[in-house]
Amino acid sequence: MYLIQNRPAGNNMLVTVGGQDSNTYWREIWNWQSAETQLAFFDASKPRDLQSIETLSIEGRLISSKRIEDNIYLVTRFTPSLPEYQPYAFNEEVVAQNALILESSSLSSLTPKITDSLKNVQDLVSSENCYLPTKSLDRNQNPSVITVTVIPLASPAQHKSTCFIGNTETLYMSSDSLYLATTQTVTYTQ
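This write-up is about the structure you can find in this document. As the structure is a computational prediction, the values presented were derived from the model and not from experiment.

### Things to note about the overall build of the protein
Stage number 1. What the protein contains, in helices and strands, is one helix and 13 strands.
Stage number 2. Put simply, the protein runs from its N terminus to its C terminus through helices and strands in the order β-β-β-β-β-β-α-β-β-β-β-β-β-β.
Stage number 3. By residue count, 35% of the 190 residues in the protein fall in the buried class.
Stage number 4. In the protein, the share of contacts with a sequence separation of at least 24, taken over all contacts with a separation of at least 6, comes to 54%.
Stage number 5. Roughly 11,600 Å² of accessible area belongs to the protein as shown, and the carbon and sulfur atoms make up 50% of that amount.

Shown next, in the form of structure tokens:
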């Protein structure tokens, strides 16, 4: 929860950030499916009578959020869910079937969506703004999409996002830099 006082617009604002409970075993990547993060923006000029300004719902589980000046920085973790895709493919037939499902899927179906208070749904991030790791591309079987979204307090609908494929569990941030960290280890074989 963030209380923003003495805004240039003259009103105080309350922002709540929440989502599903993260009691899931975080290393089990398929447990990150079907999660949502909600943001609610309220005019708090009259604390006893909060007025809703905007709500945003983002596909993906909340990792962390920070407020720096007039922006909320939000990091979420999204794992795509494709119909008939079997995450644990233990034989050649299922591996081949999964490959066909992935080949026929659009990039938009593999990235998270955002929904506003008017129920408008759009891609949270374009595939052009999503990065792949260079070294472990073929070795890393993690389908998670980590998204960093910047939401301006003056206009929450004007958010911007970027993402990468991989893992992170925590966010460290200063006024100049944003750092994401993971405890995942990747073993490289030559």
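### Observations concerning the side chain of Thr 111
Stage number 1. Counting through the fold element by element, Thr 111 comes out in the loop between α1 (92-103) and β7 (113-116).
Stage number 2. Excluding its chain neighbours within four sequence positions, the residues that come into contact with Thr 111 are Glu 59, Phe 78, Asp 123 and Val 125.

### Structural notes on the environment of Ala 40
Stage number 1. Tracing the sequence through the fold places Ala 40 in strand β3 (residues 36-43).
Stage number 2. It is 10.0 Å that separates the C-alpha atoms of Ala 40 and Asp 116, two residues lying 76 residues apart in sequence.
Stage number 3. Every residue in contact with Ala 40, bar those within four places of it in the chain, is listed here: Leu 14, Val 15, Thr 16, Glu 54 and Thr 55.

### Notes on the side chain of Asn 167
Stage number 1. Structurally, the position occupied by Asn 167 is in the loop between β11 (160-165) and β12 (170-173).
Stage number 2. Among the polar contacts made by the side chain of Asn 167, one reaches the side chain of Arg 77 at a distance of 2.8 Å.

### Things to note about the sheet that holds β11
Stage number 1. Taken in spatial order, the five strands line up as β5-β6-β10-β11-β9 in an open sheet, and their pairing is mixed. Lying at the two open borders of the sheet, with one neighbouring strand each, are β5 (61-68) and β9 (130-131).
Stage number 2. The pairing of β9 with β11 spans two bridges and is parallel. Looking at the pairing, Cys 130 lines up with Cys 163 of β11.

### Here we look at the pairing of β12
Stage number 1. Pairing between β12 and strand β13 (residues 178-181): four bridges, direction antiparallel. Paired with Tyr 172 across the bridge in β13 is Tyr 179.
Stage number 2. In sequence, β12 turns back onto β13 through a hairpin of four residues.

### Observations regarding the sheet that holds strand β1 (residues 2-4)
Stage number 1. An order of β1-β2-β3-β4-β7-β8 is seen for the six strands of this open sheet, with the pairing classed as antiparallel. Whereas interior strands pair on both sides, the edge strands pair on one side only; in this sheet they are β1 and β8 (121-123). In this sheet, adjacent strand axes meet at a mean angle of 20 degrees when their direction is disregarded.
Stage number 2. Relative to strand β2 (residues 13-19), β1 is paired through three bridges, and the arrangement is antiparallel.

### Here we look at the state of the cysteines
Stage number 1. On inspection of all chains with the given rule, the structure shows one disulfide.
Stage number 2. Between the sulfur atoms of Cys 130 and its disulfide mate Cys 163 the distance is 2.0 Å. With the S-S dihedral at roughly -135 degrees, the linkage between Cys 130 and Cys 163 falls on the left-handed side. Placement of Cys 130 in strand β9 and of Cys 163 in strand β11 is noted, with a sequence separation of 33 residues between them.

### Some words on the pairing of β7
Stage number 1. Of the pairings in the sheet, the one linking strand β4 (residues 51-59) to β7 comprises three bridges and is antiparallel in character. Each bridged residue has a counterpart across the sheet, and for Ile 58 the counterpart in β7 is Ile 114.
Stage number 2. In sequence, β7 turns back onto β8 through a hairpin of four residues, with Lys 119 there showing a positive phi of about 70 degrees.

### Let's talk about the nonpolar core
Within soluble globular proteins, side chains that are nonpolar tend to cluster in buried spots.
Stage number 1. Counting 14 residues, the largest nonpolar core has Val 15, Leu 39, Phe 41, Ile 151 and Leu 153 as the members making the most contacts within it.
Stage number 2. Sorting the residues of this core by element identifies β1, β2, β3, β4 and β6 (71-78) as the ones contributing at least two each.
Stage number 3. Not counting chain neighbours up to four residues away, the residues in contact with Leu 39 comprise Thr 16, Val 17, Glu 54, Thr 55, Leu 56, Ile 58, Leu 74 and Ile 151.

The rules behind these values
Residues numbered from 1 in each chain as written. Predicted model: local features only at pLDDT ≥ 70, side-chain atom pairs only at ≥ 80, totals over all residues. Heavy atoms only, no water. Helix = DSSP H or I, 4+ residues; strand = E, 2+ residues; numbered from the N terminus. Buried < 20%, exposed > 50% of the residue type's maximum accessible area, 1.4 Å probe, protein only. Contact = heavy atoms within 4.5 Å. Areas by Shrake-Rupley, 256 points an atom, 1.4 Å probe, with all protein chains shown as cover. Polar contact = N/O pair within 3.5 Å; in protein donor to acceptor, adjacent residues only side chain to side chain. Pairing = 2+ DSSP bridges. Axes fitted to C-alpha atoms, helices over the stretch in contact; angles between N-to-C directions. Disulfide = S-S within 2.5 Å. Core = buried A, V, L, I, M, F, W, Y, C linked by side-chain atoms within 4.5 Å.

Worth remembering: the numbers are spatial, not functional.
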